[in-house]
2 protein chains.
Amino acid sequence: MTLSEEDYIKTIYHLAKGEGHSITTNAIADQMETKPSSVTDMLKKLSDKNLVNYKKYKGVSLTEKGAITALSIVRKHRLWEVFLVDKLDFAWDEVHEVAEQLEHIKSDKLIDKLDNYLGNPRVDPHGDPIPTKEGAFKKSVKKLISELPVGCQGVCVGVNDSSAAFLKFLDKNRISLGDTLTILEKEDFDGSVSIAINEKEMRISDQIASNLFLEVLENK
Amino acid sequence: MTLSEEDYIKTIYHLAKGEGHSITTNAIADQMETKPSSVTDMLKKLSDKNLVNYKKYKGVSLTEKGAITALSIVRKHRLWEVFLVDKLDFAWDEVHEVAEQLEHIKSDKLIDKLDNYLGNPRVDPHGDPIPTKEGAFKKSVKKLISELPVGCQGVCVGVNDSSAAFLKFLDKNRISLGDTLTILEKEDFDGSVSIAINEKEMRISDQIASNLFLEVLENK
DNA sequence: ACAAATATTTAGTTTTGTCTAAATTTATTT
DNA sequence: AAATAAATTTAGACAAAACTAAATATTTGT
Ligand SMILES: [Mn+2]
Ligand SMILES: [Mn+2]
Ligand SMILES: [Mn+2]
Ligand SMILES: [Mn+2]
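Bear in mind that the values here come from a model prediction, so they are computed numbers and not experimental data.

The next point concerns the coordination of the manganese ion (ligand 3). Around a metal, the perfect tetrahedron of four donors has angles of 109.5 degrees, and the perfect octahedron of six donors has angles of 90 or 180 degrees. Residues and elements named next belong to chain B. Every protein donor of the manganese ion (ligand 3) is accounted for by D7 (OD), E100 (O), E100 (OE), E103 (OE) and H104 (NE2), and the metal-donor separations fall at 2.1 to 2.5 Å. All donor residues of the manganese ion (ligand 3) come from one chain, and their arrangement in sequence is D-x92-E-x2-E-H. Note that D7 is positioned in helix α1 (residues 3–15) and E103 in the loop between α5 (96–102) and α6 (108–117), a separation of 96 residues in sequence. Relative accessible area serves as the criterion here: at 16%, D7 is assigned to the buried category. For E103, a relative accessible area of 0% corresponds to the buried category.

Residues and elements named next belong to chain B. Pairing between strand β6 (residues 193–197) and strand β7 (residues 200–204): 5 bridges, direction antiparallel. Residue pairing across strands places A196 opposite E201, the latter belonging to β7. If you look at the hairpin formed by β6 and β7, you'll find 2 residues sitting between the two strands, and N198 has a positive phi there, around 50°.

Residue and element names in this part refer to chain A. Counting buried residues along strand β4 (residues 153–159), 5 of its 7 residues qualify, which places the element largely inside the surrounding structure. Here 3 bridges tie β4 to strand β5 (residues 180–186), and the two strands are oriented antiparallel to one another. Opposite G154, over in β5, you have L181 as the bridge partner.

Here we take up the protein's contact with DNA strand D. In the region of DNA strand D, 21 residues are neighbours, and T2, S38 and K45 of chain A together with Y54 and K56 of chain B sit closest. In DNA strand D, the atoms that sit within 4 Å of the protein are 81% sugar and phosphate, with bases accounting for the remainder. Here a phosphate oxygen of DNA strand D and a side-chain polar atom of T2 of chain A are 2.5 Å apart. Breaking the surface near DNA strand D down by element, the ones donating at least two residues are α1 (3–15) and α3 (36–48) of chain A together with α2 (25–32) and α3 (36–48) of chain B.

Quick look at the interface of chain B and chain A now. Taken residue by residue, the interface counts 20 residues in chain B and 20 residues in chain A. Interface area for chain B against chain A, summed over the two sides, is near 1,700 Å², with a carbon-plus-sulfur share of 68%. Looking only at chain B, the three residues that lose the most surface to chain A are L88, K113 and Y117 of chain B, adding up to 29% of its buried area. Between K109 of chain A and E94 of chain B there is a salt bridge whose closest N-O contact spans 2.7 Å. Inspection of the region where chain B meets chain A yields 9 residue pairs in polar contact (both at pLDDT 80 or more). Of all the elements in the fold, those that place two or more residues in the side of chain B that touches chain A are α4 (64–87), α5 and α6 of chain B. At 5 residues, α6 of chain B tops the list of elements feeding residues into the side of chain B that touches chain A. Classifying every residue of the side of chain B that touches chain A gives 11 nonpolar, 3 polar and 6 charged.

The two copies are related by a screw operation: chain B maps onto chain A through 180° of rotation and 0.1 Å of translation along the axis, at an RMSD of 0.3 Å. Each copy turns onto its partner about a two-fold axis. Proximity to the rotation axis, assessed at the C-alpha, singles out L102 of chain B in chain B; its C-alpha lies 3.9 Å from the axis. Of the interface residues in chain B, 100% have counterparts in chain A that sit at the interface too, so the contact is made through matching surfaces.

This part is about helix α7 (residues 164–172) of chain B. All names here are of chain B. Taken as a whole, α7 has its buried residues at F166, L167 and L170. Looking straight down α7, one finds that the buried residues subtend no more than 100° of arc, so they occupy a single side. Turned more than 90 degrees off the buried face of α7, the exposed positions are A165, K168 and K172. Looking one or two residues beyond α7, the residue adopting positive phi is R174, at roughly 60°.

Around DNA strand C sit 21 residues, and of these K44, Y54 and K56 of chain A together with T2 and K45 of chain B come closest. Here the atoms of DNA strand C within 4 Å of the protein split so that 75% fall in sugar or phosphate, with bases taking the remainder. In the model, a phosphate oxygen of DNA strand C is placed 2.8 Å from a nitrogen or oxygen of the T40 of chain A side chain. Within the backbone of Y57 of chain A, one N or O atom sits 3.0 Å away from a phosphate oxygen of DNA strand C. Counting residues per element, the ones that place at least two in the surface near DNA strand C are α2 (25–32) and α3 of chain A together with α1 and α3 of chain B. Classifying every residue of the surface near DNA strand C gives 5 nonpolar, 10 polar and 6 charged.

Counted under the stated rule, the structure contains 6 aromatic pairs over all chains. Between F83 of chain A and F83 of chain B, the aromatic rings sit 5.1 Å apart at their centres with planes inclined by 50°, giving tilted as the arrangement. Of this pair, F83 of chain A sits in helix α4 (residues 64–87) while F83 of chain B sits in helix α4, each in a different chain. Under the relative-accessibility criterion, F83 of chain A is labelled buried at 0%.

Now for the environment of G127 of chain B. Residues and elements named next belong to chain B. Mapping G127 onto the fold places it in the loop between α6 and β3 (142–144). Taking C-alpha positions, G127 is 22 Å from G151, a pair spaced 24 residues apart along the chain. Excluding its chain neighbours within four sequence positions, the residues that come into contact with G127 are K142, V157, G158 and L177.

About the thresholds
Residues numbered from 1 in each chain as written. Chains lettered and ligands numbered in written order. Predicted model: local features only at pLDDT ≥ 70, side-chain atom pairs only at ≥ 80, totals over all residues. Heavy atoms only, no water. Donors = N, O, S within 2.8 Å, 3.2 Å for Na, K, Ca; no water. Helix = DSSP H or I, 4+ residues; strand = E, 2+ residues; numbered from the N terminus. Buried < 20%, exposed > 50% of the residue type's maximum accessible area, 1.4 Å probe, protein only. Pairing = 2+ DSSP bridges. Near = heavy atom within 4 Å. Polar contact = N/O pair within 3.5 Å; in protein donor to acceptor, adjacent residues only side chain to side chain. Contact = heavy atoms within 4.5 Å. Buried area = accessible area lost by both parts, 1.4 Å probe. Salt bridge = Lys/Arg side-chain N within 4 Å of Asp/Glu carboxyl O. Nonpolar A, V, L, I, M, F, W, Y, C, P; charged D, E, K, R; others polar. Least-squares fit on C-alpha atoms with pLDDT ≥ 70 in both. Arc of directions from axis to C-beta. Phe/Tyr/Trp six-rings, centres within 6.5 Å; stacked < 30°, edge-to-face > 60°.

As structure tokens, this is what we get:
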């Protein structure tokens, strides 16, 4: 597998949110900041290698083999992120670019030993679960703030958009993973949400609410 | 710089043993297990980028810029080797292939933090010196056993040939970096050398003697 | 149902890095 | 000083991964 093939497989996996449903050519192109025609070329190649199910004009999904591959790359990406934050003292909003490179290093032995060295972590610095070597996954019950009703209380466990801009915003507003958050009110007009966090009340935009994951404790 | 360009620069650096003298096209091709014509193509490109001095048919050497680049790659390679051995518990003869990949990860911040995390080591697991960020180099006074006279005593600090085969041979014969070794006798006929190491005497072939570096303590 | 808009694929190029085969230059013999 | 051998370069081809522009398929709006 080339680096580029791996990035495509991972992107398809993420766009399908781990489920097997069909993804469009343009969605992949948008996500990877490339052209749809380039995506088509690659989908043919991945299909020849039995990594994806691809039917012209009908979208694409991962095969069993493709899903296993995706999980192994995700595993490596997230383990390296833990290494960068826990051992090298990177901030959680600085690790993505480097992990994007490190995830492509080829050595089973390396990743086994790294996993062990880090104490077999179950989640990465963004609260996302780390698949086991066998591809097993702690199915997390997390949901976006925008998807939850008023009254819900939960723990911030992850982000949807992990762009540096968004992560910086969270830092600036003293929102960290592990913080407990309560949804106080929702505004239909603009989708903004009023929340309680760290003993304070604040209002966040729909853009924020639809990019911050909560592990729900109570949901009535 | 592409991964391939980096590997060429590093190979030229190693073939010149850190000195600036001229290297032949075939020597590079042999070392990299590629064809001379491919080397010629790459030398033209590196010359266009001012990384090497190249004159048709006359060999190639690194420019100042090329040497700085080479040292930065060597630095990364050796720091990663220390990480693999010290932190992840790799054996010293298992690290090369992985370090060959890791040396190409692009992030100044990463390598600074890694250096710091490892305690700013001065040598890698093979006893080779690690250049500083500024490209400075503790010029080591090490020499091959084959180059030293009878009576010399020194510490094993490195290998010339770091092939897995050679490293395995050393392990099997209980020769490790850090061991003190004395040269007892040299046989003109076949270049074999009689040595004392770890309270034992043994005879090593010229092939071994010309691939094991000693940091000389006494040289009379 | 049909026209217009949108999504996707195809065709033809480009860049990078490799290769083989042929041509050329340099080195070594006789 | 030729003749031969070895080293090196050139020419032409190919695969991977990207692009632009054009063609085709699908979806949407009326
Ligand atoms: Mn990547
Ligand atoms: Mn992450
Ligand atoms: Mn390398
Ligand atoms: Mn080394």
